[in-house]
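As a plain string of letters, each chain reads:
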Amino acid sequence: MFWNCNRKHMKPMEKVTVPAKQGRAFRLNAGQSITIETPKGSQAADFFAFNAENVGEWLSANHTWVTTFNVKPRQGDQLLSRFRRPMLEFEKDGAEGTHDMMIAACDQFRYEFFGHEGHHPSCSENLHLAMRRIGYQIDVVPQPVNFFTNTAVLEDGSFVSPPNTVAPGSFVTLKALMDVICVVSACPFDLPVDGWPINSDSGPSELVVSVQ
């Protein structure tokens, strides 16, 4: 599903449900905003963005944090591309700052690393499928911005993911600073890994996305 959100065709606050463990693509014109909500709470949202005119330019968490001097996205921050150009502005944080820019998108090999046998849905696969549905083949899975994801870097450098405490109805709103294609994945992570819960104990749930 791809929502071509040209202003002349766009209905006010059109909402799309991204089912648990799946991903969807959304096109925004410069000046439009996208809101991502976790209705049940504690659901990680892997967020990717590409320049709509050149998908070889993508949102780079690394280039963002080296400019904002913070490994978490904060309200008011500009999120930069790998060419260090502003792509989106973090307009409103309705999740009390519980976000991450360090966890790589989960993939089949990640689940196998944790002992899973057979196919498992992943944010990497969701990204590829969402982009293919709108006619794009990408060769790189960028580092996502992981909204509603609870992580911390300890004094000794240890990287931990405490239980996800994001409340139901929490949301973020981002404003496009150029024409962009955004992909939102309702992270499928559901393995019982001690100290690495990512999502709610009850498992992955849906996200709701609106564009205006």
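Novice: What is the right way to look at the overall build of the protein chain in this model?
Specialist: Of regular secondary structure, the protein chain possesses three helices and 15 strands. Its C-alpha atoms give the protein chain a radius of gyration of 16 Å, within 12% of the compact-globule value 17 Å for 212 residues. Considered along the principal axes of its C-alpha atoms, the protein chain spans approximately 50 × 35 × 35 Å. For the protein chain, with 212 residues in total, the buried portion stands at 51%. If you take every contact in the protein chain between residues at least 6 apart in sequence, the share linking residues at least 24 apart comes to 75%. Carbon and sulfur atoms form 51% of the exposed surface of the protein chain, whose accessible area is close to 9,700 Å².

Novice: What's the story with the packing of aromatic side chains in this structure? I'm lost.
Specialist: When we look at a pair of aromatic rings, we describe it by the centre distance and by the angle of the planes. Per the counting criterion, the structure on display carries seven aromatic pairs. Ring plane angle 65° and centroid distance 5.7 Å describe the contact between Phe 90 and Phe 147, whose orientation is recorded as edge-to-face. You can see Phe 90 sitting in strand β8 (residues 86-94) and its partner Phe 147 sitting in strand β10 (residues 145-147), a full 57 residues away along the chain. Residue class for Phe 90 comes out buried when judged on its relative accessible area of 0%. A residue is classified by how much of its surface remains accessible, and Phe 147, at 0% relative accessible area, is buried. Judged by centre distance (5.9 Å) and plane angle (70°), the rings of Phe 159 and Trp 196 are edge-to-face.

Novice: It is not clear to me how the pairing of strand β15 (residues 207-211) should be interpreted in this structure. Could you clarify?
Specialist: When a strand is regular, its side chains alternate between the sheet's two faces. Most of β15 is tucked away: five of the five residues are buried. Side-chain alternation along β15 places Leu 207, Val 209 and Val 211 on one buried face and Val 208 and Ser 210 on a second face that is also buried. Pairing of strand β2 (residues 14-18) with β15 involves five bridges; the strand directions are antiparallel. Across the sheet, the residue bridging to Glu 14 is Val 211, located in β15. Of the pairings in the sheet, the one linking strand β4 (residues 33-38) to β15 comprises four bridges and is antiparallel in character. Each bridged residue has a counterpart across the sheet, and for Thr 35 the counterpart in β15 is Ser 210.

Novice: I would appreciate a short explanation of the sheet that holds β4 in the present structure.
Specialist: Neighbouring strands of a sheet are bound in pairs by backbone hydrogen bonds; such pairs are parallel or else antiparallel. Strands sit in the order β2-β15-β4-β13-β8-β7 across an open sheet of six strands; the sheet is antiparallel. Each edge of the open sheet is held by one strand with a lone partner, namely β2 and β7 (78-80). The sheet shows a mean angle of 25° between the axes of neighbouring strands, taken without regard to direction. As judged from the six bridges shared by β8 and strand β13 (residues 170-176), these two strands associate in the antiparallel manner. Bridge pairing in β13 links Asp 93 to Val 172.

Novice: Is there a simple way to think about unusual backbone geometry in this case?
Specialist: For residues other than glycine, phi is negative in most cases, and the peptide bonds are mostly trans. Phi is positive for Arg 84, close to 65°, though the residue is something other than glycine. Mapping Arg 84 onto the fold places it in the loop between β7 and β8. Phi at Phe 148 takes a positive value of approximately 60°, unusual for a residue other than glycine. Relative to the elements of secondary structure, Phe 148 occurs in the loop between β10 and β11 (152-153).

Novice: How should helix α3 (residues 123-133) be read in this particular structure?
Specialist: The periodicity of an α-helix, 3.6 residues per turn, causes residues three or four places apart in sequence to face the same way. Within α3, burial applies to Cys 123, Ser 124, Asn 126, Leu 127, His 128, Ala 130 and Met 131. Of the surrounding secondary structure, the elements contacted by the buried residues of α3 are β3 (23-28), β5 (45-51), β6 (54-58) and β14 (180-186). Gly 135 lies just past α3 and shows a positive phi near 95°.

Novice: Got a minute to help me understand the state of the cysteines in this structure?
Specialist: What makes a disulfide is a covalent bond joining the sulfur atoms belonging to two cysteines. Tallying each qualifying case throughout the model produces zero disulfides. With no disulfide of its own, Cys 106 lies closest to Cys 123 among cysteine sulfurs, the gap being 3.8 Å. With relative accessibility at 7%, the residue Cys 106 sits in the buried group. Residue classification places Cys 123 among the buried positions, given a relative accessible area of 0%.

Scoring rules and cut-offs
Residues numbered from 1 in each chain as written. Predicted model: local features only at pLDDT ≥ 70, side-chain atom pairs only at ≥ 80, totals over all residues. Heavy atoms only, no water. Helix = DSSP H or I, 4+ residues; strand = E, 2+ residues; numbered from the N terminus. Rg over C-alpha atoms; globule rule 2.2 N^0.38 Å. Buried < 20%, exposed > 50% of the residue type's maximum accessible area, 1.4 Å probe, protein only. Contact = heavy atoms within 4.5 Å. Areas by Shrake-Rupley, 256 points an atom, 1.4 Å probe, with all protein chains shown as cover. Phe/Tyr/Trp six-rings, centres within 6.5 Å; stacked < 30°, edge-to-face > 60°. Pairing = 2+ DSSP bridges. Axes fitted to C-alpha atoms, helices over the stretch in contact; angles between N-to-C directions. Disulfide = S-S within 2.5 Å.

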